Each structure stands twice: as C-alpha cells, then as structure tokens.
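Letter by letter, the chains look like this.
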Amino acid sequence: MARSIWLRIAVLTATLALAFGITGKPARAALDVYVGARNEVRNAPVSDCDGRASRALVSVLGRSAEIGDTHEWTAMGAVDTAGSSFAAAAVHCFPLDGSGYVVTFTCAAQAPPAPETASVICSQLADHFGGQH
Amino acid sequence: MSRRGRQAALAGAAMLVAIVLCSSQAPAALDFSVGIRYVSDTGSTSECSAKAQQSLNAFLQGASESSPGSGDWIAHSQNGVNGTPTASAVVRCFGLSHGYVVTFTCAVQLPDNPYTANALCLDVAHKFHGAGAITALAAIPTPSPEPTGCAPNSLVGTWVSDDNPKLTFSMGLGGDLTDSEGVSGNWSLKGNTATLIYYGTHTLTLSADARHLHGGGYSLTRRC
C-alpha cells in the first residue's frame, strides 16, 4: 500500500516536472518592424493603387481597410482567442502630379507567435501588389 | 479502474494543471498606428529627412535611414524588460515636384510598452510638423540589472561544491538553478537561509560574506 502511494507521488512529480519543463521557458516575443519597398508607377490612376493595395493586404493578412478616403491602407493579421494580433502592415498610395502614383509598404510583426517576419510580410505584399518587388 | 489506469489519469491531470498554470500569462500583442500624413508644398526631401531624424530621436533612439538618400527613416525605443525594443516608428519622405509628402507609421508591443502606437505617432508627427500637442510618453521599464559579485541578498552566480569541484551550480536571476550535468532546480533566499530544491528540498545557511553555503548535505562556494 505504502509502495503504491510513493509510486503515485513519483509519477505525479515526474509529470509536473515534464509539463513545467515543456512550458516553463517560453520564447520572448520581440517587436519586428520593416521599411519595405517604395515604388513609383507611371500612367496609372491612384485608384489602381487602391485596388492593388487592398487585394494584396487581403491575400497576405486576410483583411484590409482604407483609413478614411486617404489612399492609405492597413491590415492587422488574424487575432487569437484573446483578440490580439501579431502582424500588421500599411500600404500608402500617393497620387503624383500628372498621371501616376507612389506606393510604399511598411510592416510589423511580433515573433513569436507571428510565423513570418516583418520583412517577409512586406515582401509578400509587394509581390501580390503586382510583381513590383 | 486498474492501478495503472489510475496512475495514468493522475499523470494526465497533473500535466493539464501544469500546462494551464504556465499558459495563463497574457501574451503581448502588437499595436499598430498608420494614417498620419503631411503634404508640404515647399521644402526638399533632404529637409524632410532632417526633420524626420530629429522628430524620431525626440522620442526614440538611433534614427537611421533605411538606405542612404532613400528618405525612409526608422527608430526604436530602448530595450524593455525582455531585452529588446518595445516601440518603433517609421517616417517616410517622398519628394514631389513642389515639396514633399511624409507618412508616419508606428508599432508597439503591449503591454510591455507603456504607451500606444497612436500616442507615439502623434508625438512624432507633431514634433515633425512643429505644431500640435506633444504628450509626455512614459519611460520604458528597463530590465533589472543582474546582481554581480557576492550579493548578500541573492544567490545569483556560479557555485562550486567543496566536496567535488567538478560539480557546479549556475543560479539565475529568476530563482532557477542548473548543475554542471544539466539537472535543473530552484533556489530561494530569506535572510541568510537558503532553500535549494534539487533532488529534494535542502536548507542551507549563507555565510556573512555571501560566499559560502552550508547545510542540507551540501557545502558550496561562490565564484566572485
């Protein structure tokens, strides 16, 4: 009987030690911000930039929104159960005199848990925007 | 239920409790601010760059141009408690035929950072523009300096067994210890009474010079 109790205590202790060992040293999250590409596009209206920016953000981060009517687009990545997001990006479109626009990509990530770095997010955005990366 | 079944159930429950306890800490979240943009009808890109660098350094540190002449500037906060920056801001200048356009984008890590991305971007933009209210940003909490030497209020450091010099213990700031064979445990200190949880619980006494631990079957000397 006594041996059985000690065996249970040993099993319990070993299991707790294993579980705390698995979860007790989480990697520390770090902020990662990246200044992405800047491109100048000629002979295209800024509405072309708006459409591409929105589609690129949806493709990479799953959503997009314009801030007012500014041609500035942003998106946060998927949220976890606590409502927190760990990736974000901004695509700025600015119309140039005459015909054309300039577009910039700026990205942020918190890794872990974000699976991609800010640099990778910006690279994917530029690729989706139109192969101008 | 058989004995083995009860033991397996007990182990499973213990594992679940431990994982839940360890997972209850709220993870940090990313806070992002975008949308502030100024268009200036006068001035050059180099003027924009100078103001970008100055306004970033007013609230962050080490403002640098992502590539020389690009007009894209980035700066980071000092390191937070985790040893990495918890706030960053990006100011991007683009020259126009007359003047320039400048955008402001900020990101912070919450709750480690004491202010939001919006608060940071507003301050940087207002500083750049030379107008608008500047709100004081709280200082970023810094990591506690690791005790050095033979601190009498801490066991942090490397300890050597007096009986077996090959056996050493590395005691960390967080109350963790690891021996020279990789076996881990914990330490705590109350007054001059130390408790080591390492193959059981041992009570030891810290000497007045904070260099020696005796008791509980151990005799250790700290390297300091």
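Reading guide: rules and limits
Residues numbered from 1 in each chain as written. Chains lettered and ligands numbered in written order. Predicted model: local features only at pLDDT ≥ 70, side-chain atom pairs only at ≥ 80, totals over all residues. Pairing = 2+ DSSP bridges. Helix = DSSP H or I, 4+ residues; strand = E, 2+ residues; numbered from the N terminus. Expected span 1.5 Å × (residues − 1). Buried ≥ 20, exposed ≤ 12 C-beta atoms within 10 Å, placed from the backbone. Contact = placed C-beta atoms within 7 Å. pLDDT = per-residue confidence, 0-100.

What about the pairing of strand S12 (residues 212-215) of chain B?
All names here are of chain B.
Thinking step 1. By the bridge criterion, two bridges tie strand S11 (residues 201-206) to S12 in an arrangement that is antiparallel. The residue bridging Leu206 from the neighbouring strand is Leu213, located in S12.
Thinking step 2. The hairpin formed by S11 and S12 contains five residues between the paired strands, and Ala210 there has a positive phi angle of roughly 65°.
Thinking step 3. Examined bridge by bridge, S12 and strand S13 (residues 218-222) share four bridges and lie antiparallel to one another. By the bridge assignment for S13, His214 is matched with Ser219.
Thinking step 4. The hairpin turn running from S12 into S13, its antiparallel successor, is two residues long, and Gly216 in that turn takes a positive phi close to 60°.

With respect to helix H2 (residues 45-59) of chain B
Residues and elements named next belong to chain B.
Thinking step 1. The first and last C-alpha atoms of H2 sit 22 Å apart over 15 residues, in line with the 21 Å expected at 1.5 Å per residue.
Thinking step 2. Within the span of H2, buried status applies to Cys48, Ser49, Lys51, Ala52, Ser55, Leu56 and Phe59.
Thinking step 3. Lining the buried residues of H2 we find strand S2 (61-65), strand S3 (72-76), strand S4 (87-95), strand S5 (100-110) and helix H3 (117-129).

Quick look at the sheet that holds strand S1 (residues 30-42) of chain A
Residue and element names in this part refer to chain A.
Thinking step 1. In spatial order, the strands read S1-S5-S4-S3-S2; together these five strands make up an open sheet with antiparallel pairing. Both edges of this open sheet fall to S1 and strand S2 (65-66), since each of them pairs with a single strand only.
Thinking step 2. Of the strand pairs in this sheet, S2 and strand S3 (residues 72-76) are connected by two bridges, and their pairing is antiparallel. Residue pairing across strands places Glu66 opposite Trp73, the latter belonging to S3.

A look at the confidence of the model for chain A
Thinking step 1. Looking at chain A as a whole, its pLDDT mean stands at 85, while 77% of the residues score no less than 70.
Thinking step 2. For the stretch residues 16-26 of chain A, pLDDT sits under 50, and the model shows eleven contacts to residues farther than four places along the chain or on other chains.

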